[in-house]
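Below, each chain spelled out in residue letters.
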Amino acid sequence: MNGQQGVSPLYARAGWTLLGAAMLVGITGCGTAWGPGGQADTSCMPPHFTISPASAPAGSEVVIAAPSALCNPAYGAQAEIELEITDATGERILHTTAPMKDDGEFSYRYTIDAKAAPGVAQVVAYPHELDWCDDTGENNRLKGQSEIQRTSCVIPTRELLVEDARTDTSQ
């Protein structure tokens, strides 16, 4: 006998499959966020960042910030965010790094360069010197985690409207 007296082979196979699935969920469930439609989001992309205010004249201060990720990106204790801003003419007016928490949270204050061209500037923020998008299917940040979901590596970009400081809007 196979030790499963009175159980049909079909039910025995189904039981082992369910047990295996339960173990897999238990192993991979830690740090998993749930995305739209209740689907597991195992990609753990950097959290979306915001710019506040979204519109300001040159010489004004804006804050570029992101909340903690809903997953476990594990960026590390010395993690940094890389920030770049190009103005409406394509001129790079900022390229720097700033501290970022292990969970992706950061906040950076920036005074818009006085030479920034009025119009829509592009703001880019992503983890510095990390393979943050894991598009290869090999996770080189979380060693020991066997499977990851490949993700889009489109660079996260937001718009900042640099107002023309010469325009008098008080009339």
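Look a little higher up for the structure.
This write-up is about the structure you can find in this document. Predicted model only: the values in this text are computed from it and were never measured.

So, about the overall build of the protein. In terms of helices and strands, the protein carries one helix and ten strands. For the protein, the N- to C-terminal ordering of α and β elements is α-β-β-β-β-β-β-β-β-β-β. Residue pairs at least 24 apart in sequence account for 64% of intrachain contacts in the protein once pairs closer than 6 positions are excluded. Entry remark: accessible area of the protein is about 10,900 Å², with carbon and sulfur atoms responsible for 55%.

Moving on, we get to the pairing of strand β5 (residues 61–66). Consecutive side chains along a regular strand alternate between the two faces of the sheet. Within β5, five of the six residues are buried, which leaves the element mostly enclosed by the surrounding structure. One ladder, built from three bridges, connects strand β3 (residues 50–52) with β5; its direction is antiparallel. Bridged to S52 within β5 is V63. Two elements, β5 and strand β8 (residues 106–111), share six bridges in a ladder whose sense is antiparallel. Along β8, the bridge assignment pairs V62 with Y110.

Following the criterion strictly, the structure yields one cavity of 30 Å³ or more and no others. Taken as a whole, the largest cavity holds about 60 Å³ of empty space. What lines the largest cavity is P46, P47, F49, A66, I81, M100, G104, F106, A125, Y126, P127 and P156. Top element by residues in the lining of the largest cavity is strand β9 (residues 119–127). It accounts for three residues. Across the lining of the largest cavity, the residue classes tally to eleven nonpolar, one polar and no charged.

With that settled, the discussion passes to the pattern of salt bridges. If charged atoms from side chains of opposite charge come close, those side chains can pair. Here the structure, examined in full by the defined rule, presents three salt bridges. Salt-bridge contacts for R92 lead to E84; the nearest nitrogen and oxygen are separated by 3.6 Å. The class for R92 is partly exposed, based on a relative accessible area of 48%. For E105, the salt bridge is made with K101, and the minimal N-O distance between the two is 3.6 Å. For K101, a relative accessible area of 47% puts it in the partly exposed group.

Pairing is mixed across the open sheet formed by five strands, whose spatial order is β4-β10-β9-β6-β7. Edge positions in the open sheet fall to β4 (55–57) and β7 (92–99), since each of these has one partner strand only. Looking at each pair of strands side by side, their axes are set apart by 25° on average, direction ignored. Sheet topology note: the β9/strand β10 (residues 157–163) ladder contains six bridges and is antiparallel. By the bridge assignment for β10, G119 is matched with V162.

Of note, the bond from S52 into P53 is cis; its omega dihedral lies within 30 degrees of zero at -5°. The residue P53 is located in the loop between β3 and β4 in this model.

Quick look at the nonpolar core now. Among the nonpolar cores identified, the biggest contains 25 residues, and L83 and F106 are the most heavily contacted of them. Of all elements in the fold, only β5, β6 (80–86), β7, β8, β9 and β10 reach the threshold of two or more residues within this core. Sequence-distant contacts of L83, that is, excluding residues within four places in its chain, are made with I64, L94, H95, T96, A98, F106, Y108, V124 and A125.

Conventions and cut-offs
Residues numbered from 1 in each chain as written. Predicted model: local features only at pLDDT ≥ 70, side-chain atom pairs only at ≥ 80, totals over all residues. Heavy atoms only, no water. Helix = DSSP H or I, 4+ residues; strand = E, 2+ residues; numbered from the N terminus. Contact = heavy atoms within 4.5 Å. Areas by Shrake-Rupley, 256 points an atom, 1.4 Å probe, with all protein chains shown as cover. Buried < 20%, exposed > 50% of the residue type's maximum accessible area, 1.4 Å probe, protein only. Pairing = 2+ DSSP bridges. 1 Å grid on protein atoms, 1.4 Å probe; cavity = no way out; pocket = protein on both sides within 12 Å on 5 of 7 lines; lining within 4 Å. Points joined across faces, edges and corners; volume = space filled by probe spheres on them. Nonpolar A, V, L, I, M, F, W, Y, C, P; charged D, E, K, R; others polar. Salt bridge = Lys/Arg side-chain N within 4 Å of Asp/Glu carboxyl O. Axes fitted to C-alpha atoms, helices over the stretch in contact; angles between N-to-C directions. Core = buried A, V, L, I, M, F, W, Y, C linked by side-chain atoms within 4.5 Å.

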